[in-house]
Amino acid sequence: MPLEWLARPAPVVAQELLGCILVRQQANGQLYRGRIVETEAYMAGDPACHGYRRQTARNAPMFAAPGTIYVYQIYGIHHCLNIASDRPNFASAVLIRALEMLTPPLPPRSAAGPGKLCQVLGIDRQLSGLMLGQESGLWLEKPPQPLTDPIVQTTRIGISQGQEIPWRWYVQGNPAVSRYS
């Protein structure tokens, strides 16, 4: 997918990423593919956004060009994958919360949640700051077919500020969704 597609506000991109395929090339060349089934949006002005106060070395990828990978660690163990959106020098990113794994075939809940997703795909902070694409070994592909399942818009999970903002989307009824509203 062209990275220019990501040059839109995070809430727009987050919803439209549902159904797209996230591809991760492993060190041995094997490709892991998963359909995106859950996302959350974060952007400037949102108190839950990592860039709410200012840009730092840690959150700099969130302020980079659309398509920049932003990976952070929570609880000292779990990694979370975000993709910068909108425009450079503006805090905006989409958290990829869950994938329905297509290849290799894995149990339905193997990538249900941002930590599980990163563990399955082998994503860590070494990717943070790189661009989506074959050089980084992580990229997006267009959905093979349009989504037919309903999409649910609701509030985000696991945040202490901005909980009332309905910037979480998921594919209704998909077993890979991390948690239903």
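Just so you know, these numbers come straight off a predicted model, no measurement behind them.

## Brief notes about the packing of aromatic side chains
All chains considered together, the criterion is met by 1 aromatic pair. Between Tyr70 and Tyr72 the ring centres are 5.5 Å apart and the planes differ by 45 degrees, which places this aromatic pair in the tilted class. Each of the two residues, Tyr70 as well as Tyr72, counts as buried. Sitting over the face of the ring of Trp5, Arg8 holds its NZ or CZ atom 4.6 Å from the ring centroid.

## Some points on helix 1 (residues 10–17)
Listed in full, the buried residues belonging to helix 1 are Ala10, Pro11, Val13, Ala14 and Leu17. Projection of helix 1 onto a plane perpendicular to its axis shows the buried side chains occupying an angular sector of 165 degrees, all on one side. Summarising the contacts, the buried residues of helix 1 are in contact with strand 2 (31–43), strand 5 (92–103), strand 6 (138–141) and strand 8 (168–171). Positive backbone phi, at 95 degrees, marks Gly19, one or two positions downstream of helix 1.

## Points about the pattern of salt bridges
Applying the stated criterion across every chain yields a total of 8 salt bridges. Put simply, Glu38 and Arg168 hold a salt bridge, and the shortest N to O gap is 2.9 Å. Of this pair, Glu38 sits in strand 2 while Arg168 sits in strand 8, and the two are 130 residues apart along the sequence. On the accessibility criterion, Arg168 (1% relative accessible area) is buried. With a shortest N-O distance of 3.8 Å, Arg97 and Glu40 are connected by a salt bridge. Of the two residues, Arg97 sits in strand 5 while Glu40 sits in strand 2, which places them 57 residues apart along the sequence. Glu40 shares its class with Arg97; the two are buried.

## Some points on the layout of surface pockets
Volume-wise, the largest pocket comes out at about 650 Å³. For the lining of the largest pocket, the leading source of residues is strand 4 (residues 78–84), giving 4 residues. Of the residues in the lining of the largest pocket, the class split is 15 nonpolar, 9 polar and 4 charged.

## Concerning the nonpolar core
If you look at the biggest cluster of nonpolar residues, it comprises 40 residues, and the most contacted ones within it are Ile36, Leu81, Ile96, Leu99, Leu117 and Ile123. Broken down by secondary-structure element, the contributors of at least two residues to this core are helix 1, strand 2, strand 3 (69–74), strand 4, strand 5, helix 2 (114–121), strand 6 and strand 8. If sequence neighbours within four positions are ignored, Ile96 has contacts with Leu17, Ile36, Glu38, Thr39, Leu81, Ile83, Pro114 and Leu117. Tyr72, Cys80, Ala91 and Ala93 belong to the second-largest nonpolar core, a separate cluster that totals 12 residues.

What counts as what
Residues numbered from 1 in each chain as written. Predicted model: local features only at pLDDT ≥ 70, side-chain atom pairs only at ≥ 80, totals over all residues. Heavy atoms only, no water. Phe/Tyr/Trp six-rings, centres within 6.5 Å; stacked < 30°, edge-to-face > 60°. Buried < 20%, exposed > 50% of the residue type's maximum accessible area, 1.4 Å probe, protein only. Lys NZ or Arg CZ within 6 Å of the ring centre and 35° of its normal. Helix = DSSP H or I, 4+ residues; strand = E, 2+ residues; numbered from the N terminus. Arc of directions from axis to C-beta. Contact = heavy atoms within 4.5 Å. Salt bridge = Lys/Arg side-chain N within 4 Å of Asp/Glu carboxyl O. 1 Å grid on protein atoms, 1.4 Å probe; cavity = no way out; pocket = protein on both sides within 12 Å on 5 of 7 lines; lining within 4 Å. Points joined across faces, edges and corners; volume = space filled by probe spheres on them. Nonpolar A, V, L, I, M, F, W, Y, C, P; charged D, E, K, R; others polar. Core = buried A, V, L, I, M, F, W, Y, C linked by side-chain atoms within 4.5 Å.

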